[in-house]
Amino acid sequence: MTAGITETTHAVDAASVLELLATKPRLLALGEPTHGENDLLELRNDLFRQLVEREGYRTIAIESDCLSGQLVDDYVTPGSGILDHVMRHGFSHEWGAFAGNRELVRWMRAYNDGRPRPEQVRFAGFDGPLEITAAASPRQALTALHTYLAARVDADLLPCTAETLDRLLGSDERWTDSAVMMDPTRSVGQAPEADQLRLLADDLVALLDAQTPHLIATSAPDDWDRARLFGRTAVGLLRYHFWMADTSPGRILRLVGLRDSMMAGNLLALAERGPTLVNAHNSHLQRDESSMRLGDLSVRWWSAGAIVSAHLGNEYAFLATAVGTIPHQGVDSPPPDTIEGRLYALAQQNLLVDTDRLAAALAGTTPSHRVSPWYGYAPLDPAHLANTDGLIFVKDAQQNLPLRRSPNT
């Protein structure tokens, strides 16, 4: 069986990845089964460099706050700023503390130095401004959208003034209260002011759409793209806060689905820019339904990748990543009857696996589903193999940095 599986594997490089696919996708999604392992970040960085230098990719999008990511993009394109400040404030979920992300930002700025704008590489976060315990205030997105429109359209067309927005928003602390996740009655998401803000956000986005020809003609491309991002984020955040205030049994399912829907909107917008490498947890990028367990509650939802794939077809491609061992987290050698176990028996440290040929090699067998002793590693689900365009296998993840975020989200 090992000999048959060997014939399904390749070196992990850009050319081999694209050879697996029917066409070069606009969005090439690279999943990961855990967050924070520097071996995985280094592999991602190497693949992105090759995609840029050999295949014409120009953007990388990671599972980080879409608004904060603008600070990183401004720095690498290259603009002003200090690297330490960018790493501290340009990433959410403490991603800026990881050496692999710091190295990515340094490389992107160095690559762009002296290149004309159309040839520069770009950075994007595609997650909403959401943490596990709280969601951001909609202030930044709403006021930025209003400011953009106020500078370009007749004042009579605006649904409100900036002062009205400020009054309705109130203090940001009301929106970011971390106690809301466990106690929805503390949320302001269904207060009368929030209801008014949802209507105003809808009107502002409608005005943005109605004035598209004028706004494109009078805006720099980046300003137009960011205005659309502000609109998506404002509407998404207000909707998310509304459902944070919900007390029904479907509250958590609604919230996880809304988060991935916001991600999908950002990814579809990035696809318009051109070929992009996307990096996030497997559960946010896979085509199959995602699932997780929160205590006694089992939650299933459609991921951002599943939504985007439904829109883009073969212009979206998904590479899952699986890991053999993570010794420092107590994840030891995988059982030999799992897919990870069969790949672990091979000699190479990093492998690219043709999943179609792997499925043929495994025909007539039923691989077991691996169970991880550490909550932070989500093993590969063998049932998802058919909806995966390729599999990257890292035999031993040896390097790690501290992580304080819930790794399966």
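Note that the structure is a prediction, hence the values are computed from the model and not measured.

1. Here's the deal with the pattern of salt bridges
Move 1: Under the definition given, this model contains 18 salt bridges.
Move 2: With a shortest N-O distance of 4.0 Å, R152 and D223 are connected by a salt bridge. One end of the pair, R152, is in the loop between α7 (139-150) and α8 (162-169); the other, D223, is in helix α12 (residues 221-244), with 71 residues separating them in the sequence.

2. So, the packing of aromatic side chains
Move 1: Under the counting rule described, the total for this entry stands at six aromatic pairs.
Move 2: When the centroid spacing of 6.1 Å and the interplanar angle of 70° are considered together, the rings of W374 and Y375 count as edge-to-face.
Move 3: Among the aromatic residues, ring-to-ring pairing joins F48, W107 and Y111 into one connected group.
Move 4: The side chain of R254 reaches across the aromatic face of W243, ending 3.8 Å from its centre.

3. Thoughts on the environment of D177
Move 1: Note on placement: D177 falls in the loop between α9 (172-176) and α10 (192-210).
Move 2: With 43 residues separating them along the chain, D177 and A134 place their C-alpha atoms 6.6 Å apart.
Move 3: Residues contacting D177, with those up to four places away along its chain left out, are T133, A134 and R186.
Move 4: At 3.0 Å, the side chain of D177 and the backbone nitrogen of A179 are in polar contact.
Move 5: Among the polar contacts listed, one links the side chain of D177 to the side chain of R186, at a separation of 2.9 Å.

4. Comments concerning the pairing of strand β9 (residues 350-353)
Move 1: As paired strands, strand β1 (residues 9-10) and β9 are joined by two bridges and run antiparallel to one another. Residue pairing in the sheet places T9 in a bridge with V353 of β9.
Move 2: Direction of pairing for β9 relative to strand β10 (residues 390-396): antiparallel, over a ladder of four bridges. In the strand pairing of β10, L351 is matched with F393.

5. Some details on the layout of surface pockets
Move 1: Its volume calculated, the second largest pocket comes out at about 530 Å³.
Move 2: Lining the second largest pocket are 26 residues, with R122, D222, D225, L270 and R273 sitting closest to its centre.
Move 3: Elements supplying a minimum of two residues to the lining of the second largest pocket: α4 (69-76), β4 (122-127), α12 and α13 (251-273).
Move 4: For the lining of the second largest pocket, the element with the most residues is α12, which contributes seven residues.
Move 5: When the residues that make up the lining of the second largest pocket are grouped by side-chain class, the tally is nine nonpolar, six polar and 11 charged.

6. Digging into the pairing of strand β2 (residues 27-32)
If a strand is regular, its side chains alternate between the two faces of the sheet.
Move 1: Of all six residues in β2, six are buried, a share of seventy percent or more.
Move 2: Summarising the sheet, β2 and strand β5 (residues 276-281) pair through six bridges and their orientation is parallel. Looking at the pairing, L28 lines up with L277 of β5.
Move 3: Alignment of β2 against strand β8 (residues 316-325), held across four bridges, turns out to be parallel.

7. Re the packing of α8 against α10
Move 1: Relative to each other, α8 and α10 sit at 145°, their axes nearing to 9 Å. The chirality of how α8 crosses α10 is left-handed. Across the interface between the two elements, L165, L168 and L169 of α8 pack against E193, Q196, L197 and L200 of α10.
Move 2: Looking at side-chain class alone, the contact of α8 with α10 contains five nonpolar, one polar and one charged residues.

8. Description of the nonpolar core
Move 1: The biggest cluster of nonpolar side chains holds 76 residues, and the ones touching the most others in it are L28, F48, M108, F123 and F126.
Move 2: Leaving out residues up to four positions away in the same chain, M108 has contacts with F48, I60, V76, V121, R122 and F123.
Move 3: Within the second largest apolar cluster, 29 residues are counted, among which are C160, V188, L197 and W224.

9. Description of α8
Move 1: All of the buried residues in α8 are L165, L168 and L169. Along the long axis of α8, the arc covered by the buried residues comes to 100°, so they all point the same way. With respect to the buried face of α8, the exposed residues turned more than 90 degrees away are E163 and R167.
Move 2: Taken together, the buried residues of α8 touch α7, α9 and α10.
Move 3: Once α8 ends, the next one or two residues include G170, with phi positive near 65°.

10. A few points about unusual backbone geometry
Move 1: With an omega dihedral of -20°, the bond running from T77 to P78 counts as a cis peptide bond.
Move 2: Along the polypeptide, P78 turns up in the loop between α4 and α5 (83-89).
Move 3: Here H93, not a glycine, exhibits a phi torsion of approximately 60°, which is positive.
Move 4: On the accessibility criterion, H93 (4% relative accessible area) is buried.
Move 5: Here E94, not a glycine, exhibits a phi torsion of approximately 65°, which is positive.
Move 6: Turning to its location among the elements, E94 is positioned in the loop between α5 and α6 (99-112).
Move 7: Judged by relative accessible area, E94 falls into the partly exposed class, the value being 41%.

Reading the values: the criteria
- Residues numbered from 1 in each chain as written.
- Predicted model: local features only at pLDDT ≥ 70, side-chain atom pairs only at ≥ 80, totals over all residues.
- Heavy atoms only, no water.
- Salt bridge = Lys/Arg side-chain N within 4 Å of Asp/Glu carboxyl O.
- Helix = DSSP H or I, 4+ residues; strand = E, 2+ residues; numbered from the N terminus.
- Phe/Tyr/Trp six-rings, centres within 6.5 Å; stacked < 30°, edge-to-face > 60°.
- Lys NZ or Arg CZ within 6 Å of the ring centre and 35° of its normal.
- Contact = heavy atoms within 4.5 Å.
- Polar contact = N/O pair within 3.5 Å; in protein donor to acceptor, adjacent residues only side chain to side chain.
- Pairing = 2+ DSSP bridges.
- 1 Å grid on protein atoms, 1.4 Å probe; cavity = no way out; pocket = protein on both sides within 12 Å on 5 of 7 lines; lining within 4 Å.
- Points joined across faces, edges and corners; volume = space filled by probe spheres on them.
- Nonpolar A, V, L, I, M, F, W, Y, C, P; charged D, E, K, R; others polar.
- Buried < 20%, exposed > 50% of the residue type's maximum accessible area, 1.4 Å probe, protein only.
- Axes fitted to C-alpha atoms, helices over the stretch in contact; angles between N-to-C directions.
- Left-handed = near helix turned anticlockwise from the far one by under 90°.
- Core = buried A, V, L, I, M, F, W, Y, C linked by side-chain atoms within 4.5 Å.
- Arc of directions from axis to C-beta.

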